[in-house]
Each structure stands twice: as C-alpha cells, then as structure tokens.
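# Overview (structure and organization)
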Amino acid sequence: MSKNKKEESKVKEIYNKKEDIKYLSFGDFLGEKVTAIYTEAHNFDARRIEENNIRNKSFRNIMDDIDVKLIYMPNTFHTDKVLNLDEFPEEKVGIYRDITEDAEEQYMLKFLFYEADAVIGNLKGKPVSMQLADCNAIYIYDTKNKAYALIHSGWKGTLNLITRKTLLKMKEDFDTNPKDIKVVLGPSISKDSFEVEENVFNDFEKMLEKETLEKEKYITKLKENNKKNIDLKRIIIDDLLKLGVKEENILNIEEDTLTLKYENGEYKYHSHRRDKEKAGRNMALIYLER
C-alpha cells in the first residue's frame, strides 16, 4: 500500500483464507466498536454476487468475518442526497438478495428504495454498504455522539459537495461537530488516472471559483496534449479541513483503483474507467457494533 509507516498501523489488510478474498479494515482508526471495510477485487464482486453460489459464499464469509447477517444498501445514483437510515420507513426497505442458500443461518441484503449517495445513522447493528468502482468511499464517525456516515462521491457528488452536505445533515440530526469526527477516504481513482472531458473540467473550474479555491491545486490542463485531470480527493479533503475537521483525523488511502496491481499482475480493485460495462464493484461497508 502507498502509505507511510504511521498510516500502515491504521489500516489492516484482512485475508479470508476460506474463500481466498481480501479486504481493507480501518474501523480501529475511526473509533471503538466501529467496523469499516473496503473489499479488494480478487474472488469478490459486490455487484455480481447473485450469479453463482461461489460468489454468494464469498459474500457470506466476509459477513461472518465482521459478524453480520444483514446489510442495508441504498440506491446510489451520483446524487447529493443524504439519507438518515434510522428514520427510514421499514415499508420502503425491500429484499435485494437472500444469499442464505445452504447456510444454516439467514443472510440478507436489503435494498433502500430511495436515491441517496450518503447514509447517516447512529443505531447499532445496522450495517450499510455501497458498491463502487473508482468513486470515493468516504467513512465518517462522530466520536462524541456515536454517529456515522458512508458516502459515495464520484465526480458529480464531489462537484456538488456531497461530503459537506452530509456533515451539515449530521450536525442537524446528531449535533455533530467537525472537530469530533474521524474520516477515512478509501481507494479511488487518482488524479493522474482521472482524465475528463472539457465540459466536466469547466464545471469544476466554476465550482472552485465559487468556493474561492486555488484552481491550480486541484485541476491541471496540459498544453501539449490538452489532457485535463482533476484531483477529487484533494477537493474533498480540503473541504473537510475548511469545515473544521482536524488533519490528524483524516486517513487517506492513496491507492489508485484504475492502475494498482498485485505482484502477480492481477488488478487489486474493480474499475469502471478501466473495464467499462464489464467492471465489477468493490464494496464499502460501515456499521456500529452492538
């Protein structure tokens, strides 16, 4: 991993030998009795678990590792909407997938019939997950009020400041103070890999100007080939700092989902930019243990 020694102690790479799958774990950094993970691509695809029993077993083994039998999944759609899971009506929760099969206990994935790219809550035992392939997974934990957030922030969410809107919603619902929170930014597409079209580049220029931010720090445009790149993570991190989050309370996992490979040449993460419609999905998950 591209982290210094101090950061390495905050992130664990878990290897489930039974199904030969790996995932990152950083709940210890966020807070006591907080589980937070991000899956790797080898033998695991969060989007296509329904295709066969082997994938179902892989999913169940991760659930066993973190001691859950039920996971809630919002309908992420590149919006800036924030959902409080604790207040979400049960009649709008549907069964996305029963992956019990031959297992002795029931394993369920429940779908939230509401478009939202950020979920907040403070009730224990209600795991929330999202499927990603290059977008930023942002994990937030309020250490004082014991509230959490999981955010899916692609370029549209970042442009529309979804992380800021999530913190404002947490302040409204849980009296969250940015000085009391810890944040993890999971693996995502890097600035060097995230090349954009002119219209997206222009939209970010306008946003950065409106926020009175130094454009050159976040976006680049090379004259020789007209290549345009945007540093989504830097925008998110600086907005967190601007809101009052302490720098030492932000953990940025600097792993590029598009290019990073294992030593054997296999890609470490699923990437939509790389694999297009064939791309699988990485899973981000957070929950407060009982």
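About the cut-offs
Residues numbered from 1 in each chain as written. Predicted model: local features only at pLDDT ≥ 70, side-chain atom pairs only at ≥ 80, totals over all residues. Heavy atoms only, no water. Core = buried A, V, L, I, M, F, W, Y, C linked by side-chain atoms within 4.5 Å. Buried < 20%, exposed > 50% of the residue type's maximum accessible area, 1.4 Å probe, protein only. Helix = DSSP H or I, 4+ residues; strand = E, 2+ residues; numbered from the N terminus. Contact = heavy atoms within 4.5 Å. Polar contact = N/O pair within 3.5 Å; in protein donor to acceptor, adjacent residues only side chain to side chain. Phe/Tyr/Trp six-rings, centres within 6.5 Å; stacked < 30°, edge-to-face > 60°. Lys NZ or Arg CZ within 6 Å of the ring centre and 35° of its normal. Pairing = 2+ DSSP bridges. Axes fitted to C-alpha atoms, helices over the stretch in contact; angles between N-to-C directions.

Turning next to the nonpolar core. Membership of the largest hydrophobic core comes to 32 residues, with the highest contact counts inside it found for Phe26, Leu30, Tyr38, Leu85, Tyr139, Val184 and Ile286. Contributing elements (two or more residues each) for this core: helix H2 (27-30), strand S3 (34-39), strand S9 (128-132), strand S10 (136-142), strand S11 (147-153) and strand S16 (282-288). Every residue in contact with Val184, bar those within four places of it in the chain, is listed here: Phe26, Phe29, Leu30, Ala137, Ile138, Tyr139, Leu251 and Ile253. Counting residues in each nonpolar core, the second largest holds 20 residues, with Val82, Ile140, Ile236 and Leu240 among its members.

A few words on the environment of Asn145. Assignment of secondary structure puts Asn145 in the loop between S10 and S11. The exposure class of Asn145 is partly exposed, given its relative accessible area of 25%. Beyond its immediate sequence surroundings of up to four residues, Asn145 is in contact with Asn122, Phe174, Asp175 and Thr176. Within polar-contact distance, the side chain of Asn145 engages the backbone oxygen of Asp175 at 3.3 Å.

A word on the packing of aromatic side chains. Where two aromatic rings form a pair, the distance of their centres and the angle of their planes describe that pair. Applying the stated criterion to the full structure yields five aromatic pairs. Measuring from centroid to centroid gives 5.7 Å for Tyr38 and Tyr269, while their planes differ by 70 degrees, and the two rings are edge-to-face. One end of the pair, Tyr38, is in strand S3; the other, Tyr269, is in the loop between strand S15 (250-252) and helix H8 (272-275), and 231 residues separate them in sequence. Sitting over the face of the ring of Tyr107, Arg60 holds its NZ or CZ atom 5.8 Å from the ring centroid. Its end group placed over the ring of Tyr267, Arg274 keeps NZ or CZ at 3.7 Å from the ring centre.

Strand order across the open sheet formed by six strands is S5-S8-S11-S10-S12-S15, with mixed pairing between neighbours. In this open sheet, the two edge strands, each paired with only one partner strand, are strand S5 (82-84) and S15. Taking each pair of neighbouring strands and ignoring which way they run, the sheet shows an average axis angle of 15 degrees. Inspection of the sheet shows S10 paired to strand S12 (residues 181-185) by five bridges, in the antiparallel sense. When the sheet's bridge partners are listed, Asp142 is paired in S12 with Ile181. Packed onto the sheet, helix H5 (residues 162-174) meets S5, strand S8 (118-121), S10, S11 and S12 and runs at close to 160 degrees relative to S11.

What follows covers the environment of Ile236. When you line up the elements, Ile236 lands in helix H7 (residues 232-243). Sequence spacing of Ile236 and Thr158 is 78 residues, and the spatial spacing of their C-alpha atoms is 6.9 Å. Non-local contacts of Ile236, meaning those with residues more than four positions away in its chain, are made with Asn136, Ile138, Ser153, Thr158, Thr163 and Leu185.

We now examine unusual backbone geometry. Residues other than glycine seldom take positive phi values, yet Asp134 does so here, at roughly 110 degrees. As for its position among the elements, Asp134 is in the loop between S9 and S10. Residue classification places Asp134 among the buried positions, given a relative accessible area of 7%. Phi is positive for Leu161, which is not a glycine, with a value near 55 degrees. Structurally, Leu161 is set in the loop between helix H4 (155-159) and H5.

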